[in-house]
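Observations on the model geometry
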Amino acid sequence: MAPRCRLVASWGWSRSQDLALHAVKLITGHLVGTQTRPKEVSPRLAMAQGSLEAGMAFTNAILGATHAMSHQVGGLLDAPHGVVNGVLLPHVIRFNAQIQPGRFVALADAAGIATDGVAPDEVALMLAERVRALADDVGVPRGLASLGVTEADVPRLSRTTLKDACLATNPRDAGLLDIETLFRAAL
């Protein structure tokens, strides 16, 4: 067994999920506080812990379409990765939720969204809205065009996204037309 496979097998996907969910709780609960109360230590400590746990989780579980697409925009325009992720993530959540909405229920719970009695597809849409609202709260642009992406860039960005390793672990298969549609929706 390859070294990475042994690490994942011994450390476990369950632990990665636990870390990811706790990171979501910490980040959604404290990100705005780092900007509104920049000298207060507790939001910054929570964000540092959330960042650490998110990194530990995705080291084992890898990432998905949001990051695969973000890498391309960052490479083309030298745009900040986190900002591009903030623009793209709600679109990718909605895309992935069309096939596997149940995967978003635990994430929504961790983000503080009431999910009891709500259909998983509605929960996923609520999560996408919560992510966009959080992005708005911290000043993330509403579209990639604000960062300099144009319609003319979409075909190139989409082709290079298909070559990004992060796309392989997206929960829903995404082809060229899917990626182009996501980029256009995010413009």
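Reading the values: rules and limits
- Residues numbered from 1 in each chain as written.
- Predicted model: local features only at pLDDT ≥ 70, side-chain atom pairs only at ≥ 80, totals over all residues.
- Heavy atoms only, no water.
- Helix = DSSP H or I, 4+ residues; strand = E, 2+ residues; numbered from the N terminus.
- Salt bridge = Lys/Arg side-chain N within 4 Å of Asp/Glu carboxyl O.
- Buried < 20%, exposed > 50% of the residue type's maximum accessible area, 1.4 Å probe, protein only.
- Core = buried A, V, L, I, M, F, W, Y, C linked by side-chain atoms within 4.5 Å.
- Contact = heavy atoms within 4.5 Å.
- pLDDT = per-residue confidence, 0-100.
- Expected span 1.5 Å × (residues − 1).
- Phe/Tyr/Trp six-rings, centres within 6.5 Å; stacked < 30°, edge-to-face > 60°.
- Lys NZ or Arg CZ within 6 Å of the ring centre and 35° of its normal.
- Axes fitted to C-alpha atoms, helices over the stretch in contact; angles between N-to-C directions.
- Parallel < 35°, antiparallel > 145°, perpendicular 65-115°, else oblique.
- Nonpolar A, V, L, I, M, F, W, Y, C, P; charged D, E, K, R; others polar.
- Left-handed = near helix turned anticlockwise from the far one by under 90°.

The subject of this paragraph is the environment of Asn60. Take Asn60: it is sitting in helix H3 (residues 41–61). Along the sequence, Asn60 and Ala124 sit 64 residues apart, while their C-alpha atoms lie 23 Å from each other.

Before going further, it helps to examine the pattern of salt bridges. Using the criterion set out here, one finds 5 salt bridges in the structure. Here Glu40 makes a salt bridge to Arg37, at a shortest N to O gap of 2.8 Å. In this structure, Arg184 engages Glu151 in a salt bridge whose closest nitrogen and oxygen atoms are separated by 2.7 Å. Remark: Glu151 occurs in the loop between helix H7 (120–137) and helix H8 (154–161) and Arg184 occurs in helix H9 (residues 176–186); sequence separation between them is 33 residues. For Arg184, a relative accessible area of 36% corresponds to the partly exposed category. Through salt bridges with shared partners, a single ionic network connects Arg132, Asp136 and Arg142.

Of all hydrophobic cores here, the largest spans 24 residues; its most connected members are Met69, Val73, Leu144, Ile179 and Phe183. If we ignore the near neighbours within four places in the chain, the residues touching Val73 are Asp78, Ala79, Val84, Val149, Leu157 and Phe183. Counting residues in each nonpolar core, the second largest holds 11 residues, with Ile93, Phe104, Ala108 and Ala128 among its members.

Another point: the confidence of the model for the protein chain. Predicted confidence across the protein chain gives a mean pLDDT of 93, with 93% of residues reaching 70 or more. Taken together, the stretch residues 1–11 has pLDDT below 50 and engages in 13 contacts with residues farther than four places along the chain or on a different chain.

Once that is clear, we can look at helix H4 (residues 65–77). Spanning 13 residues, H4 covers 18 Å between terminal C-alpha atoms, matching the ideal 18 Å at 1.5 Å per step. Within the sequence span of H4, burial applies to Ala65, Thr66, His67, Ala68, Met69, Ser70, Gln72, Val73 and Gly74. Buried residues along H4 sit against helix H5 (81–97), H8 and H9. The first or second residue beyond H4 is Asp78, which carries a positive phi of 55°.

The way to describe two aromatic rings as a pair is by their centre distance and the angle between their planes. Scanning the model with the defined rule gives 0 aromatic pairs in all. One Lys or Arg, Arg172, reaches over the ring of Phe95 and ends 3.8 Å from the middle of that ring.

Turning next to the packing of H5 against H7. Where H5 contacts H7, the axes come no closer than 9 Å and their chain directions differ by 180°. Of the possible angle classes, the one that applies to H5 and H7 is roughly antiparallel. From H5, Gly86, Val87, Leu89, Pro90, Ile93, Arg94 and Ala97 reach across to H7, where they touch Ala124, Leu125, Leu127, Ala128, Val131, Arg132 and Ala135. Looking at the contact of H5 with H7, its residues break down into 11 nonpolar, 1 polar and 2 charged.

The next subject is the side chain of Asn85. Here Asn85 shows up in helix H5. With residues near it in sequence (within four places) discarded, Asn85 still touches Thr66, His67 and Ser70.

Right, let's talk about H7 for a bit. When the terminal C-alpha atoms of H7 are compared, their 25 Å separation across 18 residues agrees well with the 26 Å that a helix rising 1.5 Å per residue should span. All buried positions along H7 are accounted for by Val123, Ala124, Leu127, Ala128, Val131, Arg132, Leu134 and Ala135. Phi turns positive one or two residues past the end of H7, at Gly139, with a value near 85°.

Time to look at the packing of H8 against H9. The contact between H8 and H9 brings their axes to 9 Å, and the two run at 130°. Looking at the two axes, H8 sits oblique to H9. Viewed along their axes, H8 and H9 form a crossing whose handedness is right-handed. Across the interface between the two elements, Val154, Pro155, Leu157, Ser158, Arg159 and Thr161 from H8 touch Leu176, Ile179, Glu180, Phe183 and Arg184 from H9. Partitioning the contact of H8 with H9 into residue classes produces 6 nonpolar, 2 polar and 3 charged.

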